Amino acid sequence: QVQLVESGGGLVQPGGSLRLSCAASGSIFSIYAMGWYRQAPGKQRELVAAVTSGGSTNYLDSVKGRFTISRDNAKNTVYLQMNSLKPEDTAVYYCNRNRAPLLGWGQGTQGTVSA
């Protein structure tokens, strides 16, 4: 079973950047389209970016032009580069497949944008 471990979160000021990583166990990872999700306090989890096994990407409108998703299949890792961060980007960020059936959720990584 694939396990997911997210890292790279932290506290940054508005306009700052964070780079998140998601390490997956299991060689089957390379065939999955993957996504980064986030969940803010009191809100539902939402998919913010996705990348296919071949590298095609799509984004939530509110993060287009600021976030970049990428993957390294040789390292079983998916990345999310987040630039020009805004307070409304504050959330716990998770990675998973971008469609059902989902994998087990990791613990997530907290990203906080605050002055």
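For the structure, see preceding data.
Sequence positions are assigned chain by chain, starting from 1 and proceeding in written order. Only residues with pLDDT of at least 70 are given local features in this predicted model, and only at 80 or more are side-chain atom pairs given and counted; all residues enter the totals for whole chains, interfaces and linings. For the side-chain quantities, the full set of heavy atoms in the structure was used; hydrogens and water were omitted.

What about the state of the cysteines?
- Cysteine sulfur atoms are paired as a disulfide whenever they come within 2.5 Å of each other. Scanning all chains against the criterion turns up one disulfide.
- Through a disulfide, Cys-22 is tied to Cys-95; the S-S separation comes to 1.8 Å. Judged by the sign of its S-S torsion, about 45°, the bond between Cys-22 and Cys-95 is right-handed. A residue pair is termed long-range when its members are at least 10 positions apart, and Cys-22 in strand S3 (residues 18-24) and Cys-95 in strand S9 (residues 91-97) qualify at 73 residues. Strands here are runs of E lasting at least two residues and helices are runs of H or I lasting at least four, both read from the DSSP assignment and numbered beginning at the N terminus.

What about unusual backbone geometry?
- In this chain, Ala-100 is followed by Pro-101 through a cis amide linkage whose omega measures 0°.
- Examined against the element boundaries, Pro-101 turns out to sit in the loop between S9 and strand S10 (109-113).
- At Asn-76, a residue that is not glycine, the phi angle is positive and equals roughly 50°.

Observations concerning the nonpolar core
- Ranked by size, the top nonpolar core spans 27 residues in total, and within it Leu-4, Trp-36, Val-78, Leu-80, Met-82 and Tyr-93 carry the most contacts.
- The set of elements that each furnish at least two residues to this core consists of S3, strand S4 (34-39), strand S5 (46-51), strand S7 (67-72), strand S8 (77-82) and S9.
- For this core, the element with the most residues is S3, which contributes four residues.
- If near-sequence neighbours (up to four positions away) are discounted, Val-78 is found in contact with Leu-20, Ser-21, Cys-22, Phe-29, Met-34, Trp-36, Val-51, Ile-69, Ser-70 and Arg-71. The term nonpolar core refers to a set of buried residues drawn from Ala, Val, Leu, Ile, Met, Phe, Trp, Tyr and Cys, joined through side-chain atoms within 4.5 Å. Per-residue accessibility, obtained with a 1.4 Å probe over protein chains only, is compared with the maximum for each type, and a residue is labelled buried under 20%, exposed over 50%, and partly exposed between these values. Here a residue-residue contact requires only that any non-hydrogen atoms of the pair lie within 4.5 Å.

Brief notes about the packing of aromatic side chains
- Ring geometry is summarised as follows: Phe, Tyr and Trp rings, the Trp one being its six-membered ring, pair when their centres sit within 6.5 Å, and such pairs are stacked at plane angles under 30 degrees, edge-to-face over 60 and tilted between the two. Under the counting rule described, the total for this entry stands at two aromatic pairs.
- With 5.1 Å between their ring centres and 85° between their planes, Tyr-37 and Trp-105 make a pair best called edge-to-face. Of this pair, Tyr-37 sits in strand S4 while Trp-105 sits in the loop between S9 and S10; the two residues are 68 residues apart in sequence, bridging distant segments of the chain.
- Classification of Trp-105 by relative accessible area gives partly exposed; the value is 34%.
- Measuring from ring centre to ring centre gives 5.7 Å for Tyr-94 and Trp-105, while their planes differ by 80°; the resulting arrangement is edge-to-face. Separated by eleven residues along the polypeptide, Tyr-94 in strand S9 and Trp-105 in the loop between S9 and S10 bring together distant segments of the chain.
- The exposure class assigned to Tyr-94 is buried, which follows from its relative accessible area of 12%.
- Pairwise contacts between aromatic rings join Tyr-37, Tyr-94 and Trp-105 into one cluster.
- The rule for a charge over a ring is simple: NZ of Lys or CZ of Arg within 6 Å of the ring centre, and within 35 degrees of the ring normal. Note that Arg-19 overlies the ring of Tyr-79, its terminal NZ or CZ placed 4.1 Å from the centroid.
- Sitting over the face of the ring of Tyr-94, Arg-45 holds its NZ or CZ atom 4.0 Å from the ring centroid.

Brief notes about the sheet that holds strand S1 (residues 4-7)
- Read from one edge to the other, the open sheet built from four strands follows the order S1-S3-S8-S7, with strand pairing classed as antiparallel. Of all the strands in the sheet, just S1 and S7 have a single pairing partner and so form its edges. Strand-to-strand twist across the sheet, computed as the mean angle between neighbouring axes with direction ignored, equals 15°.
- A strand pair is defined by DSSP finding two or more bridges across the two strands. Where S1 lies against S3, four bridges are found, and the strand directions are antiparallel. The residue bridging Val-5 from the neighbouring strand is Ala-23, located in S3. All axes are obtained by fitting lines to C-alpha atoms, using only the stretch in contact for helices, and the reported angles, taken between N-to-C directions, cover 0 to 180 degrees.

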